[in-house]
Amino acid sequence: MSQENVEIVRRMHESLGGGELRFPDEFLDPDVEWVNPPYAAEPGTRRGRAAFEQAAASVSGAFDEFSFEDDEVIDAGESVLVLTTFVVHGRGSGVEHRQPQGYLWKLRDGRAVRFEWFNSHAEALEAVGLRE
Amino acid sequence: MSRDNVKVARRIYERLNRGDVQPLVELCDDDFVMDFSERVFNPDTYRGHDGIRRFYAGVKDVWESYRWDVEETRVAGDSVVALLYCRGQGRQGGPPADWRVAWLWKFREGRPVYLRFYRDRAQALETLGLQK
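Residues numbered from 1 in each chain as written. Chains lettered and ligands numbered in written order. Predicted model: local features only at pLDDT ≥ 70, side-chain atom pairs only at ≥ 80, totals over all residues. Heavy atoms only, no water.

Colleague: Explain the overall build of chain A residue by residue, including any values.
Modeller: Within chain A, the secondary structure is distributed over three helices and six strands. Traced from its N-terminal end to its C-terminal end, chain A shows the element sequence α-β-β-α-β-β-β-β-α. Here the C-alpha atoms of chain A give a radius of gyration of 14 Å, agreeing with the 14 Å that 2.2 N^0.38 yields for 132 residues. C-alpha atoms of chain A, sized along the principal axes, occupy 45 × 35 × 25 Å. Burial status across chain A gives 49% buried among its 132 residues. Long-range pairs, those at least 24 residues apart, make up 45% of the contacts in chain A with a sequence separation of at least 6. Accessible surface, chain A: about 6,400 Å² in total, of which carbon and sulfur atoms supply 44%. One finds the centroid of the 13 positive side-chain charges in chain A at a distance of 5 Å from the centroid of its 25 negative side-chain charges. (Helix = DSSP H or I, 4+ residues; strand = E, 2+ residues; numbered from the N terminus. Rg over C-alpha atoms; globule rule 2.2 N^0.38 Å. Buried < 20%, exposed > 50% of the residue type's maximum accessible area, 1.4 Å probe, protein only. Contact = heavy atoms within 4.5 Å. Areas by Shrake-Rupley, 256 points an atom, 1.4 Å probe, with all protein chains shown as cover. Lys, Arg positive; Asp, Glu negative; His and termini not counted. Charge placed at Lys NZ, Arg CZ, Asp CG, Glu CD.)

Here it is in structure tokens:
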């Protein structure tokens with residue numbers, strides 16, 4: 001099941017990018033959680049698909065275009081960890097900024113039930129008991 | 001009078017950029033309304049002096065640093081549209097964000113009584129019958 005989850009997350013991430021952050025509906029559990037870290041612009045946890053999509057829309061609203069590079073997908077037992085570089089362009093300036101980020105996904109029955117993000121690979125790895 | 005209103009608005013941004021919200025508090029009566037319901041992060045409406053302070057505290061909480069730079073002002077009667085270039089640096093090394101937005105100020109006898117945030121500058125201008 002763990003490898004299956006890795007493949008699901010990998011496929012889902014491959015579909016992201018452009019100007020809008022949209023996750024495939026069939027991938028999300030109705031009670032899915034989006035967890036922002038304490039240092040996020042909107043810290044805390046959003047629950048349910050609508051709130052999840054609203055959180056994703058906030059990311060889309062903050063940046064003009066974005067993409068994800070150098071994805072490494074790690075089987076972390078009950079979770080799947082994605083280490084990536086979030087490449088964003090400012091809405092007002094168009095200036096590119098590259099931000100290492102980690103995305104921790106928890107799945108149940110082939111659907112995401114929790115998404116948590118971190119602004120560094122080290123922090124994301126630490127969340128699953130690993131080190132860089 | 002309309003020129004004075006522009007001066008007042010510009011002075012407010014200068015002081016906000018210096019980390020001083022007090023001039024805005026002092027310039028406004030306690031029925032002042034700030035409609036930021038269209039803002040990307042933490043949309044909200046703020047009322048009165050406490051609302052102004054809450055707005056500013058929210059900005060300080062969310063961003064490591066934040067600037068409002070006035071690129072242009074347009075006047076229609078007792079209203080002023082400030083076309084702003086805003087830059088925020090996320091906390092914990094998060095990606096910077098920037099936007100070109102508009103704040104629409106309404107004045108009464110030289111004092112701001114209402115402020116609305118627009119993501120879309122053209123929409124703010126259209127509200128006052130102005131063109132880009």
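Colleague: I'd like to hear about the overall build of chain B, residue by residue, with values.
Modeller: Scanning chain B for helices and strands turns up four helices and six strands. N-terminal to C-terminal, the α/β element order of chain B is α-α-β-β-α-β-β-β-β-α. For 132 residues, the compact-globule estimate of 2.2 N^0.38 gives 14 Å, and chain B sits close to it at 14 Å. Once the C-alpha set of chain B is aligned to its principal axes, its extents read approximately 45 × 30 × 25 Å. Contacts in chain B between residues at least 24 apart in sequence constitute 48% of all its contacts with a sequence separation of at least 6. With the model as given, the accessible surface of chain B reaches about 6,600 Å², and the carbon-plus-sulfur share is 42%.

Colleague: An account of the interface of chain B and chain A is requested, with residue identities and associated values reported.
Modeller: At the interface, 17 residues of chain B touch 16 residues of chain A. A buried area of about 1,400 Å², summed over both sides, lies between chain B and chain A, and 57% of it is on carbon and sulfur atoms. Considering only the surface of chain B that becomes buried against chain A, B:Phe41, B:Pro95 and B:Asp98 emerge as the three largest contributors, covering 35% of it. Counting across the chain B and chain A interface gives zero salt bridges. It is strand β5 (residues 97-108) of chain B that contributes the most residues to the side of chain B that touches chain A, four residues altogether. Residues that form the side of chain B that touches chain A fall into these classes: nine nonpolar, four polar and four charged. (Buried area = accessible area lost by both parts, 1.4 Å probe. Salt bridge = Lys/Arg side-chain N within 4 Å of Asp/Glu carboxyl O. Nonpolar A, V, L, I, M, F, W, Y, C, P; charged D, E, K, R; others polar.)

Colleague: Break down the packing of aromatic side chains for me, citing the residues and quoting the values.
Modeller: Residue and element names in this part refer to chain A. Considering all chains together, one arrives at 34 aromatic pairs over all chains under this definition. Ring centres 5.3 Å apart and planes at 20 degrees place the aromatic pair Phe68 and Phe86 in the stacked group. On the criterion of sequence distance, the pair formed by Phe68 in strand β3 (residues 63-76) and Phe86 in strand β4 (residues 79-90) is long-range, its members being 18 residues apart. (Phe/Tyr/Trp six-rings, centres within 6.5 Å; stacked < 30°, edge-to-face > 60°.)

Colleague: Report on the sheet that holds strand β2 (residues 44-47) of chain B, specifying residues and quantitative values.
Modeller: Residue and element names in this part refer to chain B. Within the open sheet, the six strands sit side by side as β2-β1-β6-β5-β4-β3. Their pairing is mixed. Lying at the two open borders of the sheet, with one neighbouring strand each, are β2 and β3 (63-76). Along the sheet, successive strands turn relative to each other by an average axial angle of 20 degrees, direction set aside. Note that strand β1 (residues 33-36) and β2 share four bridges and pair antiparallel. If you follow Phe36 over to β2, its bridge partner there is Asp44. Relative to the sheet, helix α3 (residues 48-62) contacts β1, β2, β3 and β5, its axis offset from that of β2 by approximately 135 degrees. (Pairing = 2+ DSSP bridges. Axes fitted to C-alpha atoms, helices over the stretch in contact; angles between N-to-C directions.)

Colleague: Please set out the nonpolar core residue by residue, giving values where relevant.
Modeller: A:Phe23, A:Trp34, A:Trp105, B:Trp68, B:Trp99, B:Trp103 and B:Trp105 are the most contacted members of the largest nonpolar core, which has 77 residues in total. Core analysis: the next-biggest nonpolar cluster, separate from the first, contains eight residues, B:Val81, B:Ala102, B:Leu104 and B:Ala124 among them. (Core = buried A, V, L, I, M, F, W, Y, C linked by side-chain atoms within 4.5 Å.)

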